[in-house]
Amino acid sequence: MKNQGDVSRRAVLAGIGSTALLTGLSGRAQAAGNVFRIGAPNTITGAAGVFGTGVQNTIIEMAKRLNAAGGAGGHTFEVFAEDTQTLPEPALLAARKLIEVNEVKALLGVYSSPEALAIIPASNAADVVLMHTGAAPKLAADNTEGLGFQFYPSSQSIGFVLNQIVTKEGYERPVTLTLTNDASIGNSTSFHKYWAEQTGSEPEDIRYQPNQPNYRSELQQALLANPDVIILNGYEPDATIIMKQLYELGNTARVIAPEFAVTTRLIEALGPELVEDTIVYRFVPNSDSAAYTLFDEVYQAAMDAPGSANTYAAIAYDEMNLVALALELDPAISTGAELADAIHKVCGPDGEPCNSFAEGKELIAGGATVLNYLGASGPCDFDDQGRTPGNFGVSEVKSGEYVFAYGIVFED
Amino acid sequence: MRLLELKELRVGYGEVDIVRGIDLHVEENEIVTIAGTNGAGKSTLVKGVMGLAPRTSGQMTFAGQDLLSRSAEDRRSLGISYVPQVANVFPSLSVSENLSIMGRGQNAKSRMDEMFSMFPALGRRKRTQARALSGGERQQLAFARALMSQPKLIVLDEPTAALSPALSTQVFEQVKQLLSMDVAVLMIEQRARQSLKISHRGYILDSGKVAMVGPAEQLLADPEMEELYLGVHE
Amino acid sequence: MFYANLAMSGLVQGLLLATLALSVSLCFSVAKFTNAATGDFMTVGAYVVVAIQAVTGGSLMLGVLGSCIVTALISLLAYWLLFRHLAHVSPIMSLVASVGLALFLRSVLSLFAGHEQYAIDYPIARAINFHGFLIVPIDLWVALASVALLALVFAVLYLTPIGLQVRALADNRDLARAAGIRSRGVMIVLWSLIGIVSAVGGTIIGIKTVVIPDIGWNLLLPGFAAAILGGLGNPLGAVIAAILLGICQELSTPMVGFVYKTIFSFAVLIAVLIWKPEGLFGRVEQVR
Ligand SMILES: Nc1ncnc2c1ncn2[C@@H]1O[C@H](COP(=O)(O)OP(=O)(O)OP(=O)(O)O)[C@@H](O)[C@H]1O
Ligand SMILES: [Mg+2]
């Protein structure tokens, strides 16, 4: 079958359904003192099923290690795991269950904008910290309580990156194909802004709806503008259909798309010829950092694979460290708001730099009250709206493989 | 010989019985009229006979065979044809399809030709959908359809209800002719006087029971009958 | 040429919807209820093709034929285990049951195949360009397959004795029973046809898109719209309406934009329902 998912894994996960996976440490955790409950509503199945298990296992592995090292600020961690199917409604259901039944204080590893947008009103209302990799501008607007932490770069920075790529490659007639959802529209709008600032012209933007069997009219309109590059802002299913139909309609312009749209599964489904030379950008971890080396080791233990396989797991690793550092800094934390405050104190950009929980713990013991955690995924310097800058990597698809071309650092 | 025989027949839809214990019979080559006020249960009785009512009890035989234990679909092969009060043809089927669906076997084709010579108006509109026929043509098609399977008994539910007086007279003529084809007729009619004139016997129903029964001439002559069921008009 | 290409795009879209509308309409006209599982039958059809291709190594022809058989069997099973028992109660019960069946089919698919997307394997080729009029080879095949499918269904309905019985039962159940037509045989034919239509329709949808558990469900509403537009219970009308709807929808895009094109088709539907409640090709059945 044209699917890289592992059937047996899926069958097993489907078998346990959405029952919570305990870390198996709850007995010891209770004995050690306060239990800090963490919810992990992750994309075990669905469009982002390739990432979810790695994210969840990283969170569980980190809880295990932190507990073994004596916990954080007198707390030990208990993780409750759920599958969101990469869909907003199941994600919200999972989050509600975690909040109401398991009484978690933080939700970690939430993946997409639609999932995060579905959850954030509930987590705000329940005073629960939400750590996610959504990019929709509305996520910043909805972060009314300051409980949201957006680890994936904002739409604004993606527009910046797209403009960098188009400029660097020397294209002159870009056209954007934009799925009608907040994150995709945000990306395109931001790109248009940068492009207009630079060239004084406004590129053609074609909006399309999800779940359509046929995008031919949309693509015909896009091709009418005679583009030399097509910027696709969407997700895997619609990208699969659009890449196929673009080819069928004779398109020769290059396509730029995010990694979560032009996935390995898409390439496998369409065959290498159709995807050849497509430019794929992705959020990349800070792989030269000390934190990344530590993460890599954790990921190896959790998944028996190198950390480079899963950027989102590096984010999950940072999320766990930030929560642990916050608890270490302020052991009296009992509300989500207090936790969020403390996270802001340990994440930077001000304060003593530290690369790991162990380093931070020592600094706090030495009297530090403000830390600058330097993460595996990036600097983790969250602003008031819960956003952090990040790094991007640009690859080209060659014979069905991603070939790294260059990196881009967002600077506003 | 007795063709159809009902004893203490009860027919109902939901909780209540509409037909509440009726004895009725039809002999071979006999025309029998059922008359009665609106809502007396005439159509319901006939649906019971055809096996199309939700609940039927009592005794019901046809040519000596038990009918109650048989499904509606068996009636045709036993020799009973039915022309319901409304929707008596298949509207989206063509004229010939309406006929061919009734006649199976080898002689179906010749039987169909017989029908077309008997009802020449139909013969001219073989491929027309039944919904496009005039009221009179449709009634002819309903007759022809019922006759296709060479039945021993035809059950007619108000065959003249939607027709003009002139066309009604024509229908009664056709019913009379059925006798020459060895077919018995059980016919519900509001135009009871006209209907009884061509019938051998008649039943008058009232509230699910038989109010009067007897030979047609006798009923026609009965003063009580005249007053209660035949009306002074007509 | 711009509009000709739009019309072509709409035609393909329309043919794809036509299979769904046909299935809805067939079920409504004969079994007398609105089958909300229609879309999910199509999804099942698409998954069976994917599975057969995976096992046999990619033959699309084999996949479609196999899917016709398997999907027809699943459709028959749905009739035998579910709808058969609800035939004598209100059609609302059957509708409710079909919604349940739709959810059930989708969960079974998600359980065994996950939410990840699959693809039906077919040779992807560039469009043939006739002076700016683009014909995508697979669209040609899709059109051929749709036409062949419609021809098959209408041949069964209009050229065979059992088809005659199906239409008679659809017209008037009591009269058909009195004519000795057994509904069981007719229902077996009906549900087999629904299965086959779903298999081919599902394949077409899978080819044009990706195979995920929601593909059929996502198209159910436009399919219903076409079935209603065509006059509920009028299969031929449903097919024509679906094609018209597809073409109108795409031709409207220069005016209403791509985001509102589906809304446009529903606006057309509402307008038609107000102006001609029996649908474009329907007729109010005479009740006397
Ligand atoms: N399908 C049904 N379900 C429930 N009740 C019914 C049904 N059909 C008829 N009835 C009721 O049964 C009673 C008798 O109806 P029926 O049609 O047998 O009368 P009828 O004598 O044929 O009247 P008419 O002369 O108007 O045709 C009526 O009160 C009617 O409301
Ligand atoms: Mg009546």
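The rules behind the values
- Residues numbered from 1 in each chain as written.
- Chains lettered and ligands numbered in written order.
- Predicted model: local features only at pLDDT ≥ 70, side-chain atom pairs only at ≥ 80, totals over all residues.
- Heavy atoms only, no water.
- Helix = DSSP H or I, 4+ residues; strand = E, 2+ residues; numbered from the N terminus.
- Rg over C-alpha atoms; globule rule 2.2 N^0.38 Å.
- Buried < 20%, exposed > 50% of the residue type's maximum accessible area, 1.4 Å probe, protein only.
- Contact = heavy atoms within 4.5 Å.
- pLDDT = per-residue confidence, 0-100.
- UniProt positions renumbered as here; feature names shortened; annotations may be inferred.
- Pairing = 2+ DSSP bridges.
- Right-handed = clockwise from strand over helix to strand, strands pointing away.
- Expected span 1.5 Å × (residues − 1).
- Polar contact = N/O pair within 3.5 Å; in protein donor to acceptor, adjacent residues only side chain to side chain.
- Phe/Tyr/Trp six-rings, centres within 6.5 Å; stacked < 30°, edge-to-face > 60°.
- Buried area = accessible area lost by both parts, 1.4 Å probe.
- Salt bridge = Lys/Arg side-chain N within 4 Å of Asp/Glu carboxyl O.
- Donors = N, O, S within 2.8 Å, 3.2 Å for Na, K, Ca; no water.
- Axes fitted to C-alpha atoms, helices over the stretch in contact; angles between N-to-C directions.
- Near = heavy atom within 4 Å.
- Nonpolar A, V, L, I, M, F, W, Y, C, P; charged D, E, K, R; others polar.
- Core = buried A, V, L, I, M, F, W, Y, C linked by side-chain atoms within 4.5 Å.

### Digging into the overall build of chain C
Each helix and strand counted, chain C has 12 helices and two strands in total. In chain C, the succession of α and β elements from N to C terminus is α-α-α-α-β-β-α-α-α-α-α-α-α-α. Relative to the compact-globule value of 19 Å for 288 residues, chain C shows a C-alpha radius of gyration of 19 Å, a close match. With the C-alpha coordinates of chain C rotated into their principal frame, the extents come out at 60 × 50 × 35 Å. Scored against the burial criterion, the 288 residues of chain C give a buried share of 56%. Counted over contacts in chain C with a minimum sequence separation of 6, partners at least 24 positions apart contribute 74%.

### Brief notes about the confidence of the model for chain A
Predicted confidence across chain A gives a mean pLDDT of 88, with 92% of residues reaching 70 or more. Note that residues 1-32 of chain A has pLDDT below 50 and, in this model, 63 contacts with residues that lie over four places away or in other chains.

### A look at the UniProt feature "transmembrane region" (unreviewed entry) in chain C
All names here are of chain C. In the UniProt entry, the feature "transmembrane region" (unreviewed entry) is given for residues 60-83, 95-113, 140-164, 185-207, 219-246 and 258-275. Between the first and last C-alpha atoms of residues 140-164 the distance is 32 Å; the span itself is 96% helix and 0% strand. A helix fraction of 100% and a strand fraction of 0% characterise residues 185-207, whose end C-alpha atoms lie 33 Å from each other.

### Brief notes about the pairing of strand β8 (residues 229-233) of chain A
Residue and element names in this part refer to chain A. With five of five residues buried, β8 is to be regarded as a mostly interior element. Burial along β8 is two-sided: V229, I231 and N233 facing one way and I230 and L232 facing the other are all buried. Where strand β6 (residues 174-179) lies against β8, five bridges are found, and the strand directions are parallel. Its bridge partner lying in β8, V175 is registered against I230. Bridge analysis of β8 against strand β9 (residues 254-258) gives three bridges, and the strand direction is parallel. Considered in β9, the bridge of V229 is made with R254. Regarding topology, helix α10 (residues 236-248) serves as the crossover connection from β8 to the parallel β9, and that connection is right-handed.

### Quick notes on helix α4 (residues 91-113) of chain C
All names here are of chain C. The terminal C-alpha atoms of α4, which comprises 23 residues, lie 32 Å apart, in line with the 33 Å expected from a rise of 1.5 Å per residue. Of all the positions in α4, only S94, A97, S98, L101, A102, L105, R106, L109, S110 and A113 are classed as buried. A side-chain oxygen of the first residue of α4 lies 3.0 Å from the backbone nitrogen of I92; this N-cap is S90. Looking at the residues trailing α4, positive phi occurs at G114, about 75°.

### Examining the packing of aromatic side chains
Residues and elements named next belong to chain A. Throughout the structure, instances matching the rule amount to 26 aromatic pairs over all chains. Judged by centre distance (6.4 Å) and plane angle (10°), the ring pair of Y152 and Y312 falls under stacked. One end of the pair, Y152, is in the loop between β5 (148-150) and α7 (155-169); the other, Y312, is in helix α14 (residues 311-329), with 160 residues separating them in the sequence. For Y152, a relative accessible area of 4% corresponds to the buried category. Taken together, the ring pairs connect F51, Y111, Y152, Y235, F260, Y281, F283, Y312 and F392 into an aromatic cluster.

### With respect to the interface of chain A and chain C
The interface of chain A with chain C comprises 42 residues on the first partner and 42 residues on the second. Carbon and sulfur atoms supply 55% of the area that chain A and chain C bury against each other, a total of about 3800 Å² over both sides. For the pair chain A and chain C, the interface holds two salt bridges. Put simply, chain A and chain C have 16 residue pairs in polar contact (both at pLDDT 80 or more) between them.

### Considerations on the coordination of the magnesium ion (ligand 2)
Distances from the magnesium ion (ligand 2) to its protein donors, S43 of chain B (OG) and Q85 of chain B (OE1), fall within 1.9 to 2.2 Å. With S43 of chain B in helix α1 (residues 42-50) and Q85 of chain B in the loop between β6 (80-83) and α3 (95-100), the pair connects residues that are 42 residues apart, well separated along the chain.

### Some details on the pattern of salt bridges
Taken as a whole and judged by the stated rule, the model has 30 salt bridges over all chains. Of the charged contacts, one joins R2 of chain B and E5 of chain B as a salt bridge, the two residues approaching to 3.0 Å between their closest N and O atoms. Taking the relative accessible area as the measure of exposure, R2 of chain B reaches 36% and is therefore partly exposed. Between R106 of chain C and D40 of chain C there is a salt bridge, with the nearest N and O atoms lying 2.8 Å from each other. In this pair, R106 of chain C is assigned in helix α4 and D40 of chain C in helix α2 (residues 38-56), connecting sequence segments 66 residues apart.

### Some points on the sheet that holds strand β1 (residues 34-42) of chain A
Residues and elements named next belong to chain A. On the basis of which strands lie adjacent, the open sheet formed by five strands has the order β2-β1-β3-β4-β5 and parallel pairing. Each edge of the open sheet is held by one strand with a lone partner, namely β2 (75-83) and β5. In this sheet, neighbouring strand axes are inclined to one another by 20° on average, regardless of whether the strands run parallel or antiparallel. Here nine bridges tie β1 to β2, and the two strands are oriented parallel to one another. Across the sheet, the residue bridging to N34 is H75, located in β2. Contacts between helix α3 (residues 49-68) and the sheet are confined to β1, β2 and β3 (106-110), with β2 contributing the most and set at about 165° to the helix.

### Structural notes on helix α9 (residues 216-224) of chain A
Along α9 of chain A, the residues classified as buried are R216, S217, E218, L219, Q220 and A222 of chain A. Taken from the residues just after α9 of chain A, N226 of chain A is the one with a positive phi, measuring 50°.

### Comments concerning the environment of N38 of chain B
All names here are of chain B. The topology assignment puts N38 in the loop between β3 (31-36) and α1. By relative accessible area, N38 is classed as exposed at 65%. Placed 135 residues apart in sequence, N38 and E173 show a C-alpha to C-alpha distance of 25 Å.

### Points about the site of ligand 1
Residue and element names in this part refer to chain B. As a matter of local geometry, ligand 1 sits amid 13 residues, with G39, K42, S43, T44 and Q190 nearest to it. G41 places a polar main-chain atom, nitrogen or oxygen, 2.9 Å from an oxygen atom of ligand 1. Between ligand 1 and the protein, one listed contact pairs an oxygen atom with a side-chain N or O atom of S43 at 2.8 Å. Looking at the shell around ligand 1 element by element, the count peaks at three residues for α1. Looking at the shell around ligand 1, its residues break down into three nonpolar, eight polar and two charged.

### Quick word on the nonpolar core
It is characteristic of soluble globular proteins that their nonpolar side chains tend to be buried jointly. With 155 residues, the main nonpolar core has L177, L232 and V275 of chain A, V175 of chain B together with W191 of chain C as its most contacted residues. Apart from the residues within four sequence positions on either side, V275 of chain A is in contact with M243, V262, L266, I267, L270 and V397 of chain A. Core analysis: the second largest hydrophobic core is formed by 82 residues, I158, A340, V394 and I408 of chain A among them.

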